[in-house]
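# Structural characterization, general
For reference, the chains in residue letters:
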Amino acid sequence: MSKKSSTYRLIIRMTKSPLLSTTCIAAILLFVYADSLMSNLPIKAGEALPSPQTMTAQLVEGGGHVDASLNTLPGSVATTPERKIEEETENEDPLIPPFKASVDERMEWFRRKLPELEILKSNELSEKFHGRVLELYNNNCSAQFFMVWLSTAQSFGPREFLAVDSLFSTSPDGCLLILSSSLDTPKGYRVLKQLLDRGFNVLAVTPDVPFLVKNTPAEAWLDELKSGNMDPGSVPLFNHLSDLIRLAVLYKYGGVYLDTDFIFLKDLSGLRNAIGAQSINQVTKKWARLNGAVMIFDIHHPVLLEFLKEYATTFNGNRWGHNGPYLVSRVMERIRDNPEYSNITVFPPKAFYPVDWIKIAKLFKKPETEANSKWTDDTLADISSESYVVHLWNKRSRELKIEEGSVMARLIAEHCNICDNIYKP
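Residue indices begin from 1 for each chain and proceed along its sequence in written order. Reporting in this predicted model follows two pLDDT cut-offs: at least 70 for local features of residues, and 80 or more for side-chain atom pairs to be given and counted; totals over whole chains, interfaces and linings ignore these cut-offs and use all residues. Water and hydrogen atoms play no part in the side-chain values, which are based on all heavy atoms of the structure.

### Considering the pattern of salt bridges
We count it as follows: The salt bridge criterion pairs a side-chain nitrogen of Lys or Arg with a carboxyl oxygen of Asp or Glu, the two atoms within 4 Å. Numbering of helices and strands runs from the N terminus; a helix is a DSSP stretch of H or I covering at least four residues, while a strand is a stretch of E covering at least two. The cut-offs for exposure are 20% and 50% of the maximum accessible area for each residue type, with area from a 1.4 Å probe on protein chains only; residues under the lower value are buried, those over the upper are exposed, and the others partly exposed.
Evaluated as defined, the whole model comprises 19 salt bridges. Of the charged contacts in the structure, one is a salt bridge between Arg398 and Glu160, with a shortest N-O distance of 2.2 Å. Separated by 238 residues along the polypeptide, Arg398 in the loop between α16 (394–397) and α17 (407–414) and Glu160 in helix α7 (residues 158–170) bring together distant segments of the chain. The class for Arg398 is partly exposed, based on a relative accessible area of 27%. Of the charged contacts in the structure, one is a salt bridge between Glu310 and Arg334, with a shortest N-O distance of 3.1 Å. Taken together, the positions of Glu310 in helix α12 (residues 302–314) and Arg334 in helix α13 (residues 325–334) put the pair 24 residues apart, joining distant regions of the chain.

As structure tokens, this is what we get:
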């Protein structure tokens with residue numbers, strides 16, 4: 001007879017006895033529950049049961065856990081219990097504010113979180129940022145590319161990897177700097193290893209935000225934020241910090257900034273001081289809205305200072321896009337007729353944003369009819385001839401599967417080096 005069966009029989013007999021109290025029965029039930037819980041834990045004979053805090057710390061710090069294959073792309077690794085705990089711990093974002101908190105509640109929460117926010121500080125690793133950037137760009141780069149990734153390394157998935165892969169298909173001699181503390185790790189190295197093995201110049205570096213904004217209009221903004229006297233807003237602060245970092249790194253070094261949700265079709269290294277329109281006014285044929293997902297500027301270009309000044313003086317953490325795409329539109333509208341900025345080229349939507357976010361899903365679908373096939377062929381030819389890159393609008397398309405024969409599948413197949421996981425979202 002099993003231990004549990006014996007215990008349950010004992011309980012039944014005891015419930016008939018007036019001598020035993022309800023408290024005793026509860027104690028026995030608690031013992032049964034604890035016994036069941038302990039029996040399901042994978043503890044070897046002689047091992048002490050670690051606390052959840054100890055287990056988490058060991059996993060986060062490496063604790064002997066190593067991926068089976070260094071060449072595996074994110075999303076294709078088998079999920080073990082240890083990996084699941086590691087990923088859940090890693091995905092806890094300290095910069096997602098409490099839901100529906102008041103301004104005072106949010107600011108109090110943010111003050112408590114400030115000591116945890118390494119991204120706002122200079123530390124031993126981030127202080128090496130400038131030297132590591134110069135080391136990368138001393139490799140006879142045909143162009144300097146920047147991306148920013150403030151999410152976890154685990155969330156840098158096949159779609160983001162394809163963006164980097166296609167960049168090097170069009171600019172094999174370019175140098176890509178990914179500003180990311182999560183990718184500047186052994187896990188991040190494994191994510192990028194296939195590209196490094198092929199000799200491409202890609203480097204993930206922990207950004208030094210205080211260094212990047214030093215002697216710019218955003219320096220005072222960062223000091224105010226770190227004081228805890230500024231409302232960080234209801235939108236996760238990492239979104240706003242990404243907007244700031246892209247402006248600051250372009251100002252400090254010059255080059256090409258891009259988001260991580262593009263497919264590259266043509267070499268961008270020949271472009272200078274350029275930004276792209278997301279939409280145009282159908283009457284005037286002038287741009288109606290710009291987008292900062294692609295920005296190409298010389299080092300210390302004055303418009304970048306204007307962008308940083310606008311960021312610092314009009315920051316609003318409660319409106320998505322206010323410190324990003326809407327910011328560049330506001331500034332460019334203000335200086336539209338200023339001759340000091342006449343060397344800036346505003347490219348039409350087809351250059352960087354050939355497909356609107358509302359219609360992007362159609363590019364992922366395989367043609368089912370003859371009419372669909374013709375549309376696919378015509379769209380592919382149009383994009384290939386007139387576009388430098390295609391923005392995938394990941395917020396809209398990240399979960400979409402790239403179907404065989406679709407515009408996206410054919411574009412990627414023509415513009416990738418490694419070409420793994422094309423059909424994975």
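Now that the structure has been shown, the text picks up again.
### Focus: helix α10 (residues 218–227)
What counts, and what does not: Arc definition: directions from the helix axis to the C-beta atoms. Here, two residues are considered to be in contact whenever any of their heavy atoms come within 4.5 Å of each other.
All buried positions along α10 are accounted for by Ala218, Trp221, Leu222 and Leu225. Buried residues of α10, viewed axially, fall in a sector of 95°; they line one side. Those residues of α10 hidden inside the fold are in contact with α5 (103–113), α9 (209–213), α11 (237–253) and α12. Phi turns positive, to about 85°, at Gly228, one or two residues after α10.

### Comments concerning the packing of α7 against helix α8 (residues 186–197)
We apply this condition: Angles shown run from 0 to 180 degrees and are taken between the N-to-C directions of axes, each axis being a line fitted to C-alpha atoms and, for helices, limited to the stretch in contact. Between 65 and 115 degrees an angle is taken as roughly perpendicular, under 35 as roughly parallel, over 145 as roughly antiparallel, and anywhere else as oblique. What makes a crossing left-handed is the near helix being turned counterclockwise from the far one by less than a right angle; a clockwise turn instead makes it right-handed. Three classes are used, and their members are as follows: Ala, Val, Leu, Ile, Met, Phe, Trp, Tyr, Cys and Pro are nonpolar, Asp, Glu, Lys and Arg are charged, and the others, Gly among them, are polar.
The contact between α7 and α8 brings their axes to 11 Å, and the two run at 20°. Compared by their axis directions, α7 and α8 come out roughly parallel. Here α7 and α8 pass one another in a crossing that is right-handed. Contact residues: α7 offers Phe161, Val164, Asp165 and Phe168, while α8 offers Val191, Gln194 and Leu195. Split by residue class, the contact of α7 with α8 holds 5 nonpolar, 1 polar and 1 charged.

### Things to note about the confidence of the model for the protein chain
This is how the line gets drawn: Confidence of the predictor in every single residue is expressed as pLDDT, which spans 0 to 100.
Considering every residue of the protein chain, the mean pLDDT works out to 82; 77% of them sit at 70 or more. Across residues 1–92, where pLDDT falls below 50, the model places 65 contacts with residues more than four positions away in sequence or in other chains.

### Focus on the packing of aromatic side chains
Spelled out, the test is: Centres within 6.5 Å make a pair out of two Phe, Tyr or Trp rings, where for Trp the six-membered ring is used; the pair is then stacked when the planes are under 30 degrees apart, edge-to-face when over 60, and tilted otherwise. As a reminder, the over-ring test applies to NZ of lysine and CZ of arginine, requiring each to be within 6 Å of the ring centre and within 35 degrees of the ring normal.
In the structure shown here, the tally under the stated rule is 17 aromatic pairs. For the ring pair Trp149 and Phe156, a centre distance of 5.1 Å and an interplane angle of 85° mean the geometry is edge-to-face. An aromatic cluster of three or more residues is present, and its members are Phe262, Phe347, Phe352, Tyr353, Tyr388 and Trp393. Above the ring of Trp287, the side-chain terminus of Arg336 is found at 4.1 Å from the ring centroid.

### Let's talk about the environment of Arg410
Secondary-structure assignment places Arg410 in helix α17. Given the relative accessible area of 30%, Arg410 is considered partly exposed. In sequence terms Arg410 and Asp377 are 33 residues apart; their C-alpha atoms lie 9.8 Å from each other. Ignoring sequence-local partners within four residues, the contact set of Arg410 consists of Thr376, Asp377, Leu380 and Gly405.

### Side note on the state of the cysteines
Where we set the bar: To count as a disulfide, a pair of cysteine sulfur atoms needs to be within 2.5 Å.
Enumeration according to the criterion identifies 2 disulfides in this entry. With a sulfur-sulfur separation of 1.9 Å, Cys141 is cross-linked through a disulfide to Cys175. Disulfide Cys141 to Cys175: torsion about the S-S bond roughly -85°, handedness left-handed. Remark: Cys175 occurs in strand β2 (residues 175–179) and Cys141 occurs in the loop between α6 (129–137) and β1 (144–148); sequence separation between them is 34 residues. What makes Cys141 partly exposed here is its relative accessible area of 21%. Linked covalently through their sulfurs, Cys416 and Cys419 form a disulfide whose S-S length is 1.9 Å. Taking the torsion about the S-S bond as the criterion, the Cys416 to Cys419 disulfide, at about 100°, is right-handed. Each bonded cysteine of the protein chain gets a number by its place in the sequence, and the pairs then read 1-2, 3-4.

### Things to note about the environment of Leu237
Summarising the element assignment, Leu237 is placed in helix α11. In this structure Leu237 comes out as buried when scored by relative accessible area, which is 2%. Residues Leu237 and Leu95, spaced 142 residues apart in sequence, show a C-alpha to C-alpha distance of 5.7 Å. Setting aside residues up to four positions removed in sequence, Leu237 forms contacts with Leu95, Phe110, Leu225, Pro232 and Phe315.

### Thoughts on the side chain of Asp165
Short version of the rule: Throughout this description, a polar contact denotes any pair of N or O atoms lying within 3.5 Å of each other; where both atoms belong to protein, one of them has to be capable of donating a hydrogen while the other can accept it, and for residues adjacent in sequence the pair is counted only when both atoms sit in side chains.
As for its position among the elements, Asp165 is in helix α7. Polar side-chain contacts of Asp165 include one of 2.9 Å to the backbone nitrogen of Asn417. Not counting chain neighbours up to four residues away, the residues in contact with Asp165 comprise Leu195, Cys416, Asn417, Ile418 and Cys419.

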